[in-house]
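If you want the building blocks of each chain, they are given just below.
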Amino acid sequence: SIPRTEVEMAAVWRAMDVDCSGTASLREFDPAAYQALGSFRLWTHKHYGSVVQLFRELDDNGNGRVSLTELGAIKRGPNGFTGSVPLVFSLLDVNGERLLTEYDVKFLDNWDVWWEEWETVLRKRRRWLRGGGGRRHMPQQTSEAMSVYPSD
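These numbers come from a predicted model, not from an experiment.

## Topic: the overall build of the protein chain
Phase 1: For the protein chain, the count of helices and strands is nine helices and two strands.
Phase 2: Within the span of the protein chain, comprising 152 residues, buried residues form 34% of the whole.
Phase 3: Relative to all contacts within the protein chain whose residues are 6 or more apart in sequence, the contacts with residues 24 or more apart total 52%.

## A closer look at unusual backbone geometry
Phase 1: The phi dihedral of Arg-98 falls on the positive side, at around 65°, and the residue is not glycine.
Phase 2: Its place among the elements puts Arg-98 in the loop between helix 6 (85-92) and strand 2 (100-101).

## Regarding helix 3 (residues 31-47)
Phase 1: The terminal C-alpha atoms of helix 3 lie 24 Å apart, and with 17 residues this matches the ideal 24 Å at 1.5 Å per residue to within 8%.
Phase 2: Among all positions of helix 3, only Ala-33, Tyr-34, Ala-36, Leu-37, Gly-38, Ser-39, Phe-40, Arg-41, Leu-42, Trp-43 and Thr-44 are buried.
Phase 3: Positive backbone phi, approximately 90°, marks Gly-49, located one or two places after helix 3.

## Examining helix 6
Phase 1: When helix 6 is considered as a whole, its buried residues turn out to be Val-85, Val-88, Phe-89 and Leu-92. One side of helix 6 carries all its buried residues, which in axial view fall inside an arc of 100°.
Phase 2: Looking at the packing, one finds that the buried side of helix 6 touches helix 3, strand 1 (65-66), helix 5 (68-71), strand 2 and helix 7 (102-105).
Phase 3: One side-chain oxygen at the N-terminal end of helix 6 lies 3.2 Å from the backbone nitrogen of Leu-87; it belongs to Ser-84.

## Some remarks on the nonpolar core
Phase 1: Ranked by internal contacts, the top residues of the largest apolar core, which has 23 residues, are Phe-40, Leu-71, Ile-74 and Leu-92.
Phase 2: Once residues lying within four places of it in the same chain are set aside, the contact partners of Phe-40 are Val-51, Leu-54, Leu-71, Ile-74, Phe-81, Val-88, Leu-92 and Leu-108.

## Structural notes on the environment of Arg-98
Phase 1: Given the relative accessible area of 70%, Arg-98 is considered exposed.
Phase 2: For the pair Arg-98 and Ser-67, spaced 31 residues apart in the sequence, the C-alpha separation amounts to 6.5 Å.
Phase 3: Leaving out residues up to four positions away in the same chain, Arg-98 has contacts with Ser-67, Phe-89 and Asp-93.

## Some thoughts on the packing of aromatic side chains
Phase 1: Under the definition given, this model contains four aromatic pairs.
Phase 2: Relative to Tyr-48, the ring of Trp-43 lies with its centre 5.6 Å away and its plane at 55°, an arrangement referred to as tilted.
Phase 3: The class of Trp-43 is buried, set by a relative accessible area of 4%.
Phase 4: Ring pairing ties together the aromatic residues Phe-40, Trp-43, Tyr-48 and Phe-81, which thus form one cluster.

## Remarks on the confidence of the model for the protein chain
Phase 1: Put simply, the protein chain has an average pLDDT of 79, and 76% of its residues get 70 or more.
Phase 2: By mean pLDDT, the top-scoring element of the protein chain is helix 6 (94), and the lowest-scoring one is helix 9 (residues 144-147) (44).
Phase 3: Low pLDDT (under 50) marks residues 142-152, which in the prediction has 25 contacts with non-local residues, meaning those over four places away or in another chain.

The rules behind these values
Residues numbered from 1 in each chain as written. Predicted model: local features only at pLDDT ≥ 70, side-chain atom pairs only at ≥ 80, totals over all residues. Heavy atoms only, no water. Helix = DSSP H or I, 4+ residues; strand = E, 2+ residues; numbered from the N terminus. Buried < 20%, exposed > 50% of the residue type's maximum accessible area, 1.4 Å probe, protein only. Contact = heavy atoms within 4.5 Å. Expected span 1.5 Å × (residues − 1). Arc of directions from axis to C-beta. Polar contact = N/O pair within 3.5 Å; in protein donor to acceptor, adjacent residues only side chain to side chain. Core = buried A, V, L, I, M, F, W, Y, C linked by side-chain atoms within 4.5 Å. Phe/Tyr/Trp six-rings, centres within 6.5 Å; stacked < 30°, edge-to-face > 60°. pLDDT = per-residue confidence, 0-100.

Below is the structure:
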């Protein structure tokens, strides 16, 4: 049921804010969406310079919209996107129009995925050190989600 009291709302917030940072990130709220959009963003910046530039190149007919079929072209070739195009499309098509506009995707260009990953590593290290851990097993790497991001 829907939380109705302050205590119930606090419990919902605590469940979403897994690392107790005071914010509920996409990674905490929906790890699969975080990985899908993060890998898409990193891939587009590597191969096209920006998500908006990719969008403009895929808009063959110049109507300012990209369909799932048009977006599917990114799978082609030796450096094609290896993630799930239908998942990325559905995550970006928040209005359910079955078409993406530049407005739907441009926020990804401002997302600093690597900084977010670094902040996660720092939070893990701080928690680990506060817990009295020795240097032997100190967290060194980014999250498991980052390990599946394209590196080509």
